[in-house]
Amino acid sequence: MPFRFSTEPLSDRVVLRLVGDCDRSSLLELQQAIRSALAEHPAVQLDLTAVGFLDSSGIHAMVTGYRHATQHGRTLYLTGASGLVSHVLKLTGVAELLAPPTPGHGHEH
């Protein structure tokens, strides 16, 4: 499924809703979407509910985005992963690295 995304600005964050496959063909678009969102918002939630496939390129974009966020005092986290996507995130440690912040405690890593 071709990759696309939409943004939903909220009062405390922006939600980037990813749809389709996060792979080598979508790497640059995903990296740019994450960087743009982080430039404009203190927190970015990547909603993976509609992501059906995730490979090392997608993981690379998310981890690179996380590093960029922490270097600039921003927060990047994942929600909505299921099935194979959730399994890959857990297996690689990215699910823990990009876990949602606990209410009232921010995001500490």
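First things first, this report covers the structure right here in the doc. (Residues numbered from 1 in each chain as written. Predicted model: local features only at pLDDT ≥ 70, side-chain atom pairs only at ≥ 80, totals over all residues. Heavy atoms only, no water.)

1. Re the environment of Leu 10
Then step 1. Within the secondary structure layout, Leu 10 lies in the loop between β1 (4-9) and β2 (14-22).
Then step 2. We classify Leu 10 as partly exposed; its relative accessible area is 33%.
Then step 3. Separated by 33 residues in the primary sequence, Leu 10 and Ala 43 have C-alpha atoms spaced 9.9 Å apart. (Helix = DSSP H or I, 4+ residues; strand = E, 2+ residues; numbered from the N terminus. Buried < 20%, exposed > 50% of the residue type's maximum accessible area, 1.4 Å probe, protein only.)

2. Overview of the side chain of Ser 26
Then step 1. Note that Ser 26 resides in the loop between β2 and α1 (27-40).
Then step 2. Exposure remark for Ser 26: the relative accessible area of 2% places this residue in the buried category.
Then step 3. Those residues in contact with Ser 26 that lie beyond four places of it in its chain are Phe 3 and Asp 21. (Contact = heavy atoms within 4.5 Å.)

3. Brief notes about the pairing of β1
Then step 1. Relative to β2, β1 is paired through six bridges, and the arrangement is antiparallel. Along β2, the bridge assignment pairs Glu 8 with Val 15.
Then step 2. Between β1 and the antiparallel strand that follows it, β2, lie four residues. (Pairing = 2+ DSSP bridges.)

4. Some details on helix α2 (residues 56-71)
Then step 1. The first and last C-alpha atoms of α2 sit 22 Å apart over 16 residues, in line with the 22 Å expected at 1.5 Å per residue.
Then step 2. Buried-residue contacts for α2 involve β2, α1, β3 (43-54), β4 (75-79), α3 (83-92) and α4 (94-97).
Then step 3. Its side-chain oxygen at 2.9 Å from the backbone nitrogen of Ser 57, Asp 55 defines the N-terminal cap of α2.
Then step 4. Of the residues trailing α2, Gly 73 is marked for its positive phi of about 70°. (Expected span 1.5 Å × (residues − 1). Polar contact = N/O pair within 3.5 Å; in protein donor to acceptor, adjacent residues only side chain to side chain.)

5. Some thoughts on the nonpolar core
Then step 1. Of all hydrophobic cores here, the largest spans 29 residues; its most connected members are Leu 18, Leu 46, Leu 48 and Met 62.
Then step 2. Broken down by secondary-structure element, the contributors of at least two residues to this core are β2, α1, β3, α2, β4 and α3. (Core = buried A, V, L, I, M, F, W, Y, C linked by side-chain atoms within 4.5 Å.)

6. Here we look at the packing of α1 against α2
Then step 1. At a minimum axis separation of 9 Å, α1 and α2 run at an interaxial angle of 20°. As judged from the angle between their axes, α1 and α2 are roughly parallel. Crossing hand, α1 versus α2: right-handed. Two secondary-structure elements touch here, α1 through Leu 27, Leu 30, Gln 31, Ile 34, Arg 35 and Leu 38 and α2 through Ser 57, Gly 58, His 60, Ala 61, Met 62, Gly 65, His 68 and Ala 69.
Then step 2. Within the contact of α1 with α2, the residues separate by chemical class into seven nonpolar, six polar and one charged. (Axes fitted to C-alpha atoms, helices over the stretch in contact; angles between N-to-C directions. Parallel < 35°, antiparallel > 145°, perpendicular 65-115°, else oblique. Left-handed = near helix turned anticlockwise from the far one by under 90°. Nonpolar A, V, L, I, M, F, W, Y, C, P; charged D, E, K, R; others polar.)

7. Considerations on the pattern of salt bridges
Then step 1. Inspection of the entire model under this criterion finds three salt bridges.
Then step 2. A salt bridge links Glu 8 to Arg 17, with the shortest nitrogen-to-oxygen separation between them at 2.2 Å.
Then step 3. With relative accessibility at 32%, the residue Glu 8 sits in the partly exposed group.
Then step 4. Two residues, Arg 17 and Asp 47, come together in a salt bridge whose shortest N-O distance is 2.7 Å. Of the two residues, Arg 17 sits in strand β2 while Asp 47 sits in strand β3, which places them 30 residues apart along the sequence.
Then step 5. With relative accessibility at 10%, the residue Asp 47 sits in the buried group.
Then step 6. A network of salt bridges, in which partner residues are shared, links Glu 8, Arg 17 and Asp 47. (Salt bridge = Lys/Arg side-chain N within 4 Å of Asp/Glu carboxyl O.)

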